[in-house]
Amino acid sequence: MGDYMAQEDDWDRDLLLDPAWEKQQRKTFTAWCNSHLRKAGTQIENIDEDFRDGLKLMLLLEVISGERLPKPERGKMRVHKINNVNKALDFIASKGVKLVSIGAEEIVDGNAKMTLGMIWTIILRFAIQDISVEETSAKEGLLLWCQRKTAPYKNVNVQNFHISWKDGLAFNALIHRHRPELIEYDKLRKDDPVTNLNNAFEVAEKYLDIPKMLDAEDIVGTLRPDEKAIMTYVSCFYHAFSGAQKAETAANRICKVLAVNQENEHLMEDYERLASDLLEWIRRTIPWLEDRVPQKTIQEMQQKLEDFRDYRRVHKPPKVQEKCQLEINFNTLQTKLRLSNRPAFMPSEGKMVSDINNGWQHLEQAEKGYEEWLLNEIRRLERLDHLAEKFRQKASIHEAWTDGKEAMLKHRDYETATLSDIKALIRKHEAFESDLAAHQDRVEQIAAIAQELNELDYYDSHNVNTRCQKICDQWDALGSLTHSRREALEKTEKQLETIDQLHLEYAKRAAPFNNWMESAMEDLQDMFIVHTIEEIEGLISAHDQFKSTLPDADREREAILAIHKEAQRIAESNHIKLSGSNPYTTVTPQIINSKWEKVQQLVPKRDHALLEEQRKQQSNEHLRRQFASQANIVGPWIQTKMEEIGRISIEMNGTLEDQLSHLKQYERSIVDYKPNLDLLEQQHQLIQEALIFDNKHTNYTMEHIRVGWEQLLTTIARTINEVENQILTRDAKGISQEQMQEFRASFNHFDKGDAEFNRIMSVVDPNHSGLVTFQAFIDFMSRETTDTDTADQVIASFKVLAGDKNFITAEELRRELPPDQAEYCIARMAPYQGPDAVPGALDYKSFSTALYGESDL
């Protein structure tokens, strides 16, 4: 054979330069190369250009030989291309082929003659050399095979690989001999070679998977067709019609493949359903959590807070479990697909595990700020209600005080008054100015409260602003009127001589005292909001301090009343007839006594309110300490368990079943701890209902505890799933416990120094991360020691069952396969569309290809 190939390699270089022959060789060799390269998902366009870097040349040799060549160099420099081509030429030489005058530099330079010669050498070695017919081989064997197959046909006399094929009848005879249903041979005419050749080439391409390698016009238009092109084309027919395996082996292989595929499809459907449900729930929940539209009342916001707590307690935990189960199912499915040599499962668009994780992360982000926003809104509304009530109280007191003040200031009573009346009016006006100054602080407070309500976006800000503006306008008017009246009174002051000093003193002391009592009543009725026991104790201390001033205030009251009594006594003793009430003030002793009595009544009510609030804050402090005590136990416990799981996953010994049993027992011990978490939830509920917003006694929040608990459950579940997948791998590949231990030992003590290790690392660590998991190592060892099926093997098996036809019938499937798997095939096989189709014909080729992910099933 070596001598024969050496003779063939020494082709007639002058003839090769013939344009017609070179065109035929280019077309035929290109099609032949692409018929193999398509198995690797690529092709060539220009035969003397696309092999120049050596990459596709090495790939072609790997596909047709089934062997691995040395790793190619990916550089773009000429030296890299020469090295790659030399690797390919060395591989050809290693197969016993003598290369004559073919060098790597000529291939890299795009030398057409050398490139075509090299491809012809490869075709001879891998497509023609192994042909053996009746003790003849290679070219002679192929020629003898053609002669034997075409002997019964008229007008066909195959003596060579050029002239004998020019009329096209020999090609049609070969097809008709093996597949008579594809060719109507009796209708062919020897004098119509173009039609004959086109018919054979088109049938071969459509039904025999033999690509069209020549054009009929090229063959007919040439005196002597190129022998190498014809021989290459004919060798494809030989290989297409060569033998098949036994029907029983084919049926068994199909049964095995279908059983695996049925189970995987079920897992895929479960994943799609669970993923769709979980993503839909996330899609519905996120807009609700992102809704930040505030309500107008505390009750409405508290209802939103209660709805959120129900979501955290009732609705979310089952979805956490569904997400964990979904990841476990996905990992299990991928493991089974990998073990059965199937392509990895690719979920529908938008349903990848990463898509679910992204959606879940978006949900967590939306949830993170929702509760804080609710609590802040409740605090804001509490503050608004308090400020609004305070505004109304102060505004009402001020409006009551200003009632009639404008009319009084506009009254021109001084024009007809006596001198003594004018003096009295002046003193009265001075007292009013003092009172007016005392009310200035209240007006400023009213304006400040209104401003704060506006800044906090109070829903009734319009009415507040309107009322505040009215008060401020009235206040400005009072100031202006007060100034005008004083000027009028001072003009006639010189006419006034007498004045009752006691009334004046009474008025001066009664007015601030009356204002003090009004302020005291206002303070005693003032609402308060506290959140800590320290704050309420501060209020109690301030109230006690206020009560300590009451004896002094009572003495001041008695002194003021004594002034009034002294004025009456002097008037009586001097027979002075008083005109009635004190001309300098409207604050009578009755008013002072009435307000003093009111203050005396409000003090115990204030005491009671403060004590009630103190008891409430003491109860809240108890709730804080109770929660903190439990949280400071549960939090460290969860952290400890997380660390233990990490150690267990590293230090586990014994069989995988023992490890799995130990992990599940450990998982039950974790689940048994759940009542402690439920107790903590109950205590947290009491804290939330009491509107307690902080807890200085612990660093743990309920959110921290929940997240830690969910992570703990997820971690132990994933650890259990990893061991279950190892058991699945062991059982699927028939690995014994001793082998599994040996794998573990090899995994832990690998020698990192030799080239074989580098090859293995490229398989178990394709991303070059520097890390190899035990699961990846087991998969590698399993592939090294077990056999796997391919799509081509399944197609060949179906062809055997079909009696060498391009289609198969339902009756044949039910006869050869178990009932459930026969029905599985019938339900999924597309109708066969070929010209030889019969009623009920099914396409087993596309079905087999789909099983291995090369098309849609």
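In this text, all values refer to a predicted model and were calculated from it rather than measured experimentally. (Residues numbered from 1 in each chain as written. Predicted model: local features only at pLDDT ≥ 70, side-chain atom pairs only at ≥ 80, totals over all residues. Heavy atoms only, no water.)

1. Brief notes about the overall build of the chain
Within the chain, the secondary structure is distributed over 32 helices and four strands. Here the chain holds 857 residues, and 46% of them are scored as buried. In the chain, once contacts between residues fewer than 6 apart in sequence are set aside, the share between residues at least 24 apart is 75%. Total accessible area on the chain is roughly 44000 Å²; 50% of this is exposed by carbon and sulfur atoms. (Helix = DSSP H or I, 4+ residues; strand = E, 2+ residues; numbered from the N terminus. Buried < 20%, exposed > 50% of the residue type's maximum accessible area, 1.4 Å probe, protein only. Contact = heavy atoms within 4.5 Å. Areas by Shrake-Rupley, 256 points an atom, 1.4 Å probe, with all protein chains shown as cover.)

2. Topic: the pattern of salt bridges
The final tally for this structure, using the stated rule, is 52 salt bridges. Of the charged contacts in the structure, one is a salt bridge between K139 and E227, with a shortest N-O distance of 2.8 Å. With K139 in helix α8 (residues 138-150) and E227 in helix α12 (residues 227-241), this pair connects stretches of sequence that are 88 residues apart. Assessed through its relative accessible area of 18%, K139 is described here as buried. In this structure E227 comes out as buried when scored by relative accessible area, which is 19%. Residue R730 is joined to E657 by a salt bridge in which the shortest nitrogen-to-oxygen separation is 2.4 Å. Residue R730 is found in helix α25 (residues 702-733), and its partner E657 is found in helix α23 (residues 656-671); the two are separated by 73 residues along the sequence. Look at E657 and you get partly exposed, because its relative accessible area is 37%. (Salt bridge = Lys/Arg side-chain N within 4 Å of Asp/Glu carboxyl O.)

3. Describing the packing of aromatic side chains
By convention here, two paired aromatic rings are described through the distance between centres and the angle between planes. In total, this model carries 21 aromatic pairs according to the counting rule given. Taking the centre distance of 5.2 Å and the plane angle of 35 degrees together, the rings of F807 and Y832 count as tilted. Here F807, found in the loop between α29 (791-801) and β3 (808-809), pairs with Y832, found in the loop between α31 (819-828) and β4 (841-842); they are 25 residues apart in sequence, far enough to count as distant. An aromatic cluster is built from F161, W165, F171, F201, Y233 and F237, whose rings are joined through pairwise contacts. Residue placement shows R125 over the ring face of F126; its charged tip is 5.1 Å from the ring centre. Here the basic side chain of K405 rests over the ring of W401, its NZ or CZ set 4.9 Å away from the ring centre. (Phe/Tyr/Trp six-rings, centres within 6.5 Å; stacked < 30°, edge-to-face > 60°. Lys NZ or Arg CZ within 6 Å of the ring centre and 35° of its normal.)

4. Examining the nonpolar core
With 83 residues, the main nonpolar core has I122, W165, F171 and F237 as its most contacted residues. Sorting elements by how many residues they give to this core places helix α7 (residues 112-128) first, with eleven residues. Setting aside residues up to four positions removed in sequence, I122 forms contacts with W32, L57, L61, I64, I92 and A127. (Core = buried A, V, L, I, M, F, W, Y, C linked by side-chain atoms within 4.5 Å.)

5. Here's the deal with α31
Restricting attention to buried positions, one finds in α31 the residues Q821, A822, Y824 and C825. One face of α31 carries all of its buried residues, which in axial projection span an arc of 155 degrees. For α31, the exposed residues set more than 90 degrees away from the buried face come down to P819 and A827. (Arc of directions from axis to C-beta.)

6. A short note on α7
The end-to-end C-alpha distance of α7 is 22 Å, a good match for the 24 Å that 17 residues give at a rise of 1.5 Å each. A large share of α7 lies buried, amounting to 16 of its 17 residues. The N-cap of α7, judged by a side-chain oxygen 3.1 Å from the amide nitrogen of K113 a few residues on, is N111. (Expected span 1.5 Å × (residues − 1). Polar contact = N/O pair within 3.5 Å; in protein donor to acceptor, adjacent residues only side chain to side chain.)

7. Examining unusual backbone geometry
Phi angles above zero are rare outside glycine, and D209 is one such case at about 60 degrees. By the element assignment, D209 lies in the loop between α10 (193-207) and α11 (216-220). The backbone of L691 shows a phi angle near 60 degrees, a positive value even though the residue is not glycine. Summarising the element assignment, L691 is placed in the loop between α24 (674-689) and α25.

8. A word on the packing of helix α3 (residues 19-37) against helix α4 (residues 55-65)
Each pair of packed helices can be described by the angle between their axes along with the distance between the axes. For the pair α3 and α4, interaxial distance at closest approach is 9 Å and the crossing angle is 65 degrees. By the angle between their directions, the pair α3 and α4 is classed as roughly perpendicular. α4 is crossed by α3, and the crossing has left-handed handedness. Residues W32, C33, H36 and L37 of α3 pack against K56, L59, L60, V63 and I64 of α4. In terms of residue class, the contact of α3 with α4 is made up of seven nonpolar, one polar and one charged. (Axes fitted to C-alpha atoms, helices over the stretch in contact; angles between N-to-C directions. Parallel < 35°, antiparallel > 145°, perpendicular 65-115°, else oblique. Left-handed = near helix turned anticlockwise from the far one by under 90°. Nonpolar A, V, L, I, M, F, W, Y, C, P; charged D, E, K, R; others polar.)

9. A word on the confidence of the model for the chain
Taken over all residues, the pLDDT of the chain has a mean of 82, while the share at 70 or more is 86%. When mean pLDDT is taken per element in the chain, helix α9 (residues 169-178) scores highest with 94 and helix α1 (residues 2-9) scores lowest with 41. Every residue in residues 1-17 is under pLDDT 50, and counting partners more than four places away or in other chains gives 34 contacts. Every residue in residues 495-499 is under pLDDT 50, and counting partners more than four places away or in other chains gives 16 contacts. (pLDDT = per-residue confidence, 0-100.)

10. Details of the packing of α9 against α12
Axis separation between α9 and α12 bottoms out at 11 Å; the angle between their running directions is 5 degrees. By the angle class used here, α9 and α12 are roughly parallel. Residues F171, L174, I175 and H178 of α9 form the contact with α12, whose participating residues are I230, Y233, V234, F237 and F241.

11. Considering the environment of R380
Of note, R380 is situated in helix α15 (residues 353-402). Owing to a relative accessible area of 18%, R380 belongs among the buried residues under this scheme. When the C-alpha positions of R380 and D457 are compared, they lie 9.5 Å apart, and in sequence the two are 77 residues distant.

12. Some details on the environment of I808
Relative to the elements of secondary structure, I808 occurs in strand β3. Separated by 23 residues in sequence, I808 and P831 have C-alpha atoms that sit 9.7 Å apart. Those residues within four positions of I808 in sequence are excluded, and the remaining contacts are F798, L801, A802, L813, M829, G840, A841, L842 and Y844.

13. Examining the state of the cysteines
With the rule as written, the count across this model stands at zero disulfides. Counting only cysteine sulfurs, C472 is the nearest neighbor of C468, a cysteine outside any disulfide, at a range of 4.1 Å. (Disulfide = S-S within 2.5 Å.)

14. Describing the environment of E49
Here E49 shows up in the loop between α3 and α4. Between the C-alpha atom of E49 and that of T115, which follows or precedes it by 66 residues, the distance is 9.2 Å.

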